[in-house]
Amino acid sequence: MANILLSEASGTACPGELPSLRLRRTWSNQNYSQFNWTSHSPDNAEEERTEEGDTDWDLREKPLTMALKRAAWQVQHSQAPVVSNKDSWKRKKTKTFRKVKNNSRELLYVLSLWRKSLQKIGGNFGGGVQSYFVFLRFLVVLNFVSFLLIAAFVLIPSIVFRSVESSYTNSTGPEGCRKYEPHPPGLVLFYNYFLDLLSGTGFMEYSYLFYGYYSNTMVEDRDFSYNIPLAYLFTALFYFGFCLLCIILRMGRAVRVAIATGGGDVGNYSMIVFTGWDYSCLGDQATKLKQKNIHYRLQVDLEEQRIKRKAAALTLCEKITLYSLRVLMGILSLGLICSAFICIGLATNFSQENSDKEGILGLILEYLPSIVITTGNFLVPLLCDQIAKVEKYSPSNTVILALLRAVVLRLLSLVVLLYTLWNQITCGGDNKSEECNLCQYNHKDYPCWETRVGQEMYKLTLFDVLIHFALLILVEFPRRIVVDHSSSKLARWLGRQEFVVPANVLLLVYGQTVVWTGALFCPLLPLINTIKFICLFYFKKITLFYNCQPAHKTFRSTNSAFFFLLVLFIGWCWATAVMVYSLAVIHPSFSCGPFRFFRTMWSIIPTSFYSLHQSSQEFLFFVGSQAFLIPVFVLAVVGLCYFISLSAVYGNSVALMRLQLKREGRDKQFLVKQIEELSKKLHIPTHNTTVQN
């Protein structure tokens, strides 16, 4: 009867769309008989021997049961076709390569940094919080590899060649511009060493940590030559290029994940339901963590849908009121950010004007810009979070808006700091003024201005670590103790803190931007940042499990991961602009550094170019000529057009498949309604009524 009803419904509604169940079974049986059980026969061996996994993919595409697929696989692999030695060697090579590739992936997975900790974090606090720690791990690896690059080409050669007295002597600059005494005269008290460690002055100033200690050494031998200034410059350029490559690759992965989820709630829900479970979970603990992770991801989707439905139900007057309120709150948050910039500029000017102070007071004055920047970065986002509650955005949009405001605050605070330093180093860009006329920069107050800029970035990095440690000991642990052991209204209102992902991510982006900005002037800053991020990982992990509670409003980590990297890319662009301006415009210090002999840091490139052999010069001239660049540009454009077209084709295919799925779903719903109507007309009891009876 069910088959009759199904055939009648399909005939009345959509003829030919859905066959009967018996006919579909007949088709399936026909498919079983049509399968090529001897796909490894000698006739088609040439096609099958190219890839060993082709038959496996053939089996996966066939509409067979698992028992038949297993039997077909055994039949195919039991046959041994006659192959030549060359083909046999190719198959063994392909198999060995695939095995090495799989083993390498498994080894990298086992040796991945903080793998178990990340799994535990994702299970207890959701994918949003886990994405923060994954992002932190990426920055740790990035900084450590960057330090290895700098150490291999700059640090180790400088240490080795330090004893070699083959360096340029700068006798072209004015006599007054070559005075630089970083070591204070006379005896130094013991506590001054501690102050120097915190401020980067004294014994720290003239060390491998900062730009001023590196000399313009050039070692030449019959079979070997090494130019420290050239290596210093190219290492900085390769360092920035390597970081850009890592960011782009990471962004590509995040985009692929976002596209795989369909860019919407339905695709993300389907991905969670059908591919969310990890069947390699072993033990009760891993299973519970995975269940919690899926629970949090579904909670995010439901929260997003609830807010969207609520926003769609607003009337016109309510929408006008809401949008007007959002505009006013945006103006208020912008005013808070601008006031923070004014305070940073005033603090930097006051600190530089009183840089001759000594002792604890001098240390406080040196850290005054860092203190003001940190205070502004703490208070302004806190006030903006309260403003965001009034604006009533969705969780994902709230995260993105908070990130944008924090990005503007933190990156532009660095802009204000560096602009204030630039204004004092270059006399406001006026090289003809009294302070800058002799040396083209303010040598009196900044005899080695590159080291001074590196010291500011060093203090910002070190102060960030100290602030995190102080907050953990003095604020977060006492707050947890008070909340857990007190029943007062204040303790209940205060509650345990929540792990705010946007603010913590911006701390990472801000710290990495500081490192990129100061890497040219403080080459060991990536190493310091690696140690800082490792300490920060354990600080945040401790405070997450012992002092925090799961957030009441979670957010989707798929789109946020891409946005985190986009913000990091903005920081990289800002640091690159600072580096390019320092290389091409500002005159290097006459008294320190590897570029003291040149008018600009970039001047070493043409100087070294004309010292090459004639054939090398001709080759580089050809690479930079139109005859080489125009064909390369044309090929790049053709390749870009090809990939854009391919992406468009894939996008259209995915859109058509989604449309087809929607239509099939509607057809099935229509057929079910037709069956119910026919059942009522023919007075046939349905399954639900039978169960109730």
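Located above this text is the structure these notes cover.
Residues numbered from 1 in each chain as written. Predicted model: local features only at pLDDT ≥ 70, side-chain atom pairs only at ≥ 80, totals over all residues. Heavy atoms only, no water.

Asker: For this particular structure, what's the right way to read the nonpolar core?
Answerer: For soluble globular proteins, nonpolar side chains are generally found buried alongside one another. Y132, F133, F135, W449 and W516 are the most contacted members of the largest nonpolar core, which totals 110 residues. With 17 residues, the single largest contributor to this core is helix α7 (residues 115-160). When residues of this core are assigned to domains, at least three fall in each of domain 1 (100-168 + 199-265 + 450-596) and domain 2 (322-446). Grouped together as the second largest cluster of nonpolar side chains are 5 residues, F161, V219, I228 and A231 included. (Core = buried A, V, L, I, M, F, W, Y, C linked by side-chain atoms within 4.5 Å. Buried < 20%, exposed > 50% of the residue type's maximum accessible area, 1.4 Å probe, protein only. Helix = DSSP H or I, 4+ residues; strand = E, 2+ residues; numbered from the N terminus. Domains from an automatic or database assignment.)

Asker: Just checking my understanding: could you explain the state of the cysteines for this structure?
Answerer: Each disulfide consists of one covalent bond between the sulfur atoms belonging to two cysteines. Summed over all chains, the structure comprises 2 disulfides. In this model C427 forms its disulfide with C436; the gap between the sulfur atoms is 1.9 Å. One disulfide, between C427 and C436, carries an S-S torsion of 80 degrees and so falls in the right-handed class. Each member of the pair C427 and C436 is classed as buried. Here C448 pairs with C592 through a disulfide, and the sulfurs are 1.9 Å apart. Of note, the bridge from C448 to C592 carries an S-S torsion of about 95 degrees and is right-handed in sense. Here C592 lies in the loop between α20 (557-584) and α21 (604-609) and C448 lies in the loop between α15 (395-425) and α16 (449-485), a separation of 144 residues in the sequence. Assigned by exposure class, C448 and C592 land together as buried. (Disulfide = S-S within 2.5 Å.)

Asker: Hey, could you run me through the pattern of salt bridges in this one?
Answerer: Two side chains of opposite charge can pair, provided their charged atoms sit close to one another. Summed over the entire model, instances satisfying the criterion amount to 3 salt bridges. Here K532 and D464 are joined by a salt bridge, their closest N and O atoms 2.8 Å apart. Taken together, the residues K532 in helix α19 (residues 525-547) and D464 in helix α16 connect sequence positions 68 residues apart. Note on accessibility: K532 and D464 belong to one class, buried. The shortest N-O distance in the salt bridge between D484 and R480 comes to 4.0 Å. Of the two residues, D484 and R480 are both situated in helix α16; the distance of 4 residues between them amounts to about one turn of the helix. (Salt bridge = Lys/Arg side-chain N within 4 Å of Asp/Glu carboxyl O.)

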